[in-house]
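Each chain, letter by letter, is given below.
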Amino acid sequence: MKPDDCRVPAERLRWTCDPALFDFETTEHLPDLEDAIGQKRALRSIEFGLGMEETGFNLYVSGETGTGRASTIRSLLRKRAKAQPQPNDWVYVANFKDSDSAVSLSLPAGRGSELAADMRELVEAFRTDIPKALESKEYETRRAEILEEYQAKNNELFQGLEKEAEARGFTLQRTVSGLVVVPQKEGRNYTQEEYEALSDAERENLEQTGKELTEKLNDVLRQVRDSEKATKDGLAQADRDLGMSCLGHRLDPLREKYAEFPKVLTYLEAVQEDIINNLDDFKPQAPQPQIPGLKLPRQEPTFERYEVNVLVDNKETEGAPVVFESNPTYNNLFGRIEHVMQYGGVAVTDFTMIKSGALHRANGGYLVIDAREVLINPFVWDALKRCIRTGEIRIEDVLEQYRFMTMVTLKPEPVQLQAKIIMIGTPWIYYLLFYLDPDYRKFFKVKAEFDSHVARTPEIMRDYALFVATHCRCEKLLHFDRSGIASLLEYTARMVEDQHKLSSQFMEISDFIREASYWAKKAGRSIVSGGDVLAAAEEKLYRVNRIEERLHELYEDGTIMVDTDGSVAGQINGLSVIVLGDHTFGRPSRITAQVYTGQAGMVNVEREVKLSGPIHDKGVMILTGYLGGTFAVEHPLSLSASICFEQSYEGIEGDSASSTELYALLSALSGVAINQGIAVTGSVNQRGMIQPIGGVNYKIEGFFAVCKSKGLTGHQGVMIPRANERHLMLNEEVVAAVSAGRFHIWSVETIEQGIEILTGMPAGVRGKNGKFPKGTLYYLVSERLGKMAERLRKQAEKQETKRKRKRKSAAASRTPNGKA
């Protein structure tokens, strides 16, 4: 293949979009974009994951930032959710059996707030009805009857006992220890002297009678206690009957209304029982005594225990809920229990202070969270896995185990979880979780991967136009005409450096649309055209390329030495790429090679000083394999060679300069000069095949800028791998220079093609005699290597002769009289 056959024509240096491909004048007349652009694999995976109802088929949406992951998920979920049924409401009510807990109730959408309103109305009615009933004449009469009956029965018992005691010479007296039976004499108690004057028989008779009366007194007291208990029961029954008369006609309609919910009926029964047992709370409260100089808060009965805490209200929800939680902290995701400080600095809480989290609101629907945010917030990832594993959402105080002192709090019943969880994150986080967390594979079984670039097809190109139309319409930007869309598509192709693909980094594309609209508006135009898109690209480049311009100043004044004219043996212009955050540009570097006789092999200066990475070192070591396979046929490869990136003071990584280094090495071995107006990029394998590299456009444009500053001669250019032709999306200036013959692009497939372009001398092919033909570069290399090998062989023979003489001399010196 002749060198001219390797030239890349100007029409293949970039893809140019023809505005005539579009059937619209401006994007103003286009409809909105409905689906994601070119993400068939991701959309199919999402559809599968959302359709799977079995446990663990949650989704991880993977992709680079700005590829439309969140917006696509938002659009798909909203469409899907509208066709799905409303989920149930969730409420918390008091647990009257366990004050440290709360009961969770599930009700159809809208019924939770209804129950709360019903309970508020019920309590207000009780607060009016019960005090009236307690002050009614019927209630007072019944209580009086019960108490009178109790007093009458007690009086009858004590009167009978007193009569019997008087008849037997005793009386009942009340002491500190209670009622006692005391003997009497003439209507008074015995004195000590009178009692001691009694005979033994009289005293024994008195004691016996006292014992009998005492037993009867104890029996009477037992009857009195039984009567007191019966009276209390009677009063309680009266209160209960009163409560039932007030509650029955109020609660019965609620029982009928919520008859299909057994748990609600159980709760209403508990409410009824608690109200009956606490009727005194509904009575007017007496004023509390105040301490002079100190104002105490008024203590009144609270009826909050009868309220209903509506945790999740889906009354206004259309279809299934879709919740995007941008800050998935533990409390925001799983809910919390709030506390209030009361007088004296005491923190108290109850079930009304239970607050819902994003999982509660997404229950029955979809929860979308950011994977990185989930991992950086403490306790969230483990708690989320626990919820998925158990199918329950528990509201807990996560810091309880870390406190020095435990605090009284609630333990609410868990809420059943039925939600599809979707995590959005980068591929790096996906593989991190996949390999390091065994539970991840159980709970996130579906991966939907968004690509950062898509194949360019007519359908995709039209979808891009729809995307622009939608974006301009939503943000009230200037619309694009056909030339503006064509230039924008070319810009996206440049973003991915591929003539057959377009970028799907829609966040960056959206920003660029805004910038193009701004510059068009500033120029006084009402439509964004291709010129405005080019102006936006130039302005964007100008904002970030300060360091690149300063670097080119160093090329111009000769501080960084790069030749763009003439020929030098063992010296070549290599190309590298510098990435500085938001700006990438190419940098030419001088690469030199020195070859001399020796056996050190290939010495990579950057490797020796630890300025190169492993991939770069691998590329240099491949050169030894190529040289050995090509030239070490008749004699061993015996040489020492030093390869260096001149004026390089930072780390070097990648193998894109390996072919460049090989060209310099072949030039140094052959002594044939390399054209310094040609820069080279491309990696090489051990068989001499040129392999594709990245950043080809930046590299070409970087060397073109240096050549332009030093003067274009018409013989300058860049040599790239043939496989990189499809990646060419050069700027208009470089394409124009190539069209005018002032700059050239060559693409090669082998080292032999490349060395001929660089030196003007064919590489040569080994003939049947095993030698390269004269007049070829490889013939000169082979001859040079042969001479080196011969020189090393002779030097080795001389050294071996010297060693033999030394050994013979040493042996003679150990033998007496010089005889063996």
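Presented here is a report on the structure given in the accompanying data block. (Residues numbered from 1 in each chain as written. Predicted model: local features only at pLDDT ≥ 70, side-chain atom pairs only at ≥ 80, totals over all residues. Heavy atoms only, no water.)

1. Let's talk about unusual backbone geometry
Thought 1: Positioned with a positive phi, Phe-379 is a non-glycine residue whose angle comes to about 70°.
Thought 2: Its place among the elements puts Phe-379 in the loop between α10 (371-376) and α11 (380-390).
Thought 3: Its identity as a non-glycine residue notwithstanding, Glu-497 has a phi of 55°, on the positive side. (Helix = DSSP H or I, 4+ residues; strand = E, 2+ residues; numbered from the N terminus.)

2. Quick look at the sheet that holds strand β1 (residues 59-62)
Thought 1: Strands sit in the order β8-β13-β17-β1-β18 across an open sheet of 5 strands; the sheet is parallel. The open sheet has two edge strands, β8 (322-325) and β18 (446-449), and neither has a second partner. Ignoring strand direction, the axes of neighbouring strands in this sheet form an average angle of 20°.
Thought 2: Summarising the sheet, strand β13 (residues 366-370) and strand β17 (residues 420-425) pair through 5 bridges and their orientation is parallel. Looking at β17, one finds that Leu-367 is bridged to Ile-421. (Pairing = 2+ DSSP bridges. Axes fitted to C-alpha atoms, helices over the stretch in contact; angles between N-to-C directions.)

3. What about the packing of helix α16 (residues 506-522) against helix α17 (residues 530-544)?
Thought 1: Running from N to C, α16 and α17 point in directions that differ by 110°, and their axes come no closer than 8 Å. In terms of orientation, α16 and α17 fall into the roughly perpendicular class. Contacts from Glu-508, Phe-512, Glu-515, Ala-516, Trp-519 and Ala-520 of α16 reach α17 at Asp-532, Val-533, Ala-536, Ala-537, Glu-539, Lys-540 and Arg-543.
Thought 2: Tallied by class, the residues present in the contact of α16 with α17 amount to 7 nonpolar, no polar and 6 charged. (Parallel < 35°, antiparallel > 145°, perpendicular 65-115°, else oblique. Contact = heavy atoms within 4.5 Å. Nonpolar A, V, L, I, M, F, W, Y, C, P; charged D, E, K, R; others polar.)

4. Some thoughts on a positive patch on the surface
Thought 1: A surface patch of like charges, here positive, comprises Lys-787, Arg-791, Lys-794, Lys-798, Lys-802, Arg-805 and Lys-806.
Thought 2: On the secondary structure map, Lys-787 appears in helix α25 (residues 777-813). (Patch = residues over 30% accessible without salt bridge, like charges linked within 9 Å, V, L, I, M, F, W, Y side chains within 5 Å. Areas by Shrake-Rupley, 256 points an atom, 1.4 Å probe, with all protein chains shown as cover. Salt bridge = Lys/Arg side-chain N within 4 Å of Asp/Glu carboxyl O. Lys, Arg positive; Asp, Glu negative; His and termini not counted. Charge placed at Lys NZ, Arg CZ, Asp CG, Glu CD.)

5. Notes on the sheet that holds strand β6 (residues 188-189)
Thought 1: Here 3 strands make up an open sheet; going across it, the order is β4-β5-β6 and the pairing antiparallel. Across the chains shown, the open sheet's two edge strands, defined by having one partner strand only, are β4 (170-175) and β6.

6. Here's the deal with a nonpolar patch on the surface
Thought 1: Together, Tyr-431, Tyr-435 and Leu-436 make up a nonpolar patch on the protein surface, roughly 390 Å² of accessible area in all.
Thought 2: Within the element layout of this structure, Leu-436 appears in helix α12 (residues 427-436).
Thought 3: Note on Leu-436: relative accessible area 65%, which makes it exposed. (Buried < 20%, exposed > 50% of the residue type's maximum accessible area, 1.4 Å probe, protein only.)

7. A word on the environment of Val-680
Thought 1: Mapped onto the secondary structure, Val-680 falls in strand β27 (residues 678-680).
Thought 2: Residue class for Val-680 comes out buried when judged on its relative accessible area of 1%.
Thought 3: Between the C-alpha atom of Val-680 and that of Val-271, which follows or precedes it by 409 residues, the distance is 87 Å.
Thought 4: The residues contacting Val-680, other than those within four sequence positions of it, are Ile-572, Asn-573, Gly-574, Leu-575, Ser-659, Thr-660, Tyr-663, Met-719 and Leu-758.

8. Brief notes about the packing of helix α14 (residues 458-475) against α16
Thought 1: Two numbers describe how α14 lies on α16: the axes approach to 11 Å, and their chain directions differ by 60°. What the angle tells us is that α14 and α16 run oblique. With respect to the hand of their crossing, α14 and α16 are arranged in right-handed fashion. Facing α14, whose interface residues are Tyr-464, Phe-467, Val-468, His-471, Cys-472 and Glu-475, α16 presents Phe-506, Ile-509, Ser-510, Ile-513 and Arg-514.
Thought 2: Taken together, the residues of the contact of α14 with α16 sort by class into 7 nonpolar, 2 polar and 2 charged. (Left-handed = near helix turned anticlockwise from the far one by under 90°.)

9. Brief notes about the pairing of β17
Thought 1: Burial runs high along β17: 6 of the 6 residues are buried.
Thought 2: Side chains Lys-420, Ile-422 and Ile-424 of β17 all project onto a buried face; the interleaved residues Ile-421, Met-423 and Gly-425 project onto the opposite face, where all are buried too.

10. Quick look at helix α21 (residues 658-670)
Thought 1: With 13 residues, α21 extends 18 Å between its outermost C-alpha atoms, agreeing within 8% with the 18 Å of an ideal straight helix rising 1.5 Å per residue.
Thought 2: When you tally the buried positions in α21, you get 13 out of 13 residues, the bulk of the element. (Expected span 1.5 Å × (residues − 1).)

11. Things to note about the packing of aromatic side chains
Two aromatic rings, taken as a pair, are described by how far apart their centres are and by the angle between their planes.
Thought 1: Applying the stated criterion across every chain, the model contains 24 aromatic pairs.
Thought 2: Considering the side-chain rings of Tyr-60 and Tyr-430, the 5.3 Å spacing of their centres and the 55° angle between planes classify their relative orientation as tilted. Of this pair, Tyr-60 sits in strand β1 while Tyr-430 sits in helix α12, and the two are 370 residues apart along the sequence.
Thought 3: Each ring, one from Tyr-518 and one from Trp-519, has its centre 5.0 Å from the other, and the planes form 80°; the classification is edge-to-face. (Phe/Tyr/Trp six-rings, centres within 6.5 Å; stacked < 30°, edge-to-face > 60°.)

12. Concerning the pairing of β1
Thought 1: Burial along β1 is two-sided: the face carrying Leu-59 and Val-61 and the face carrying Tyr-60 and Ser-62 are both buried.
Thought 2: Where β1 lies against β17, 4 bridges are found, and the strand directions are parallel. Following the sheet pairing, Val-61 is matched in β17 by Ile-424.

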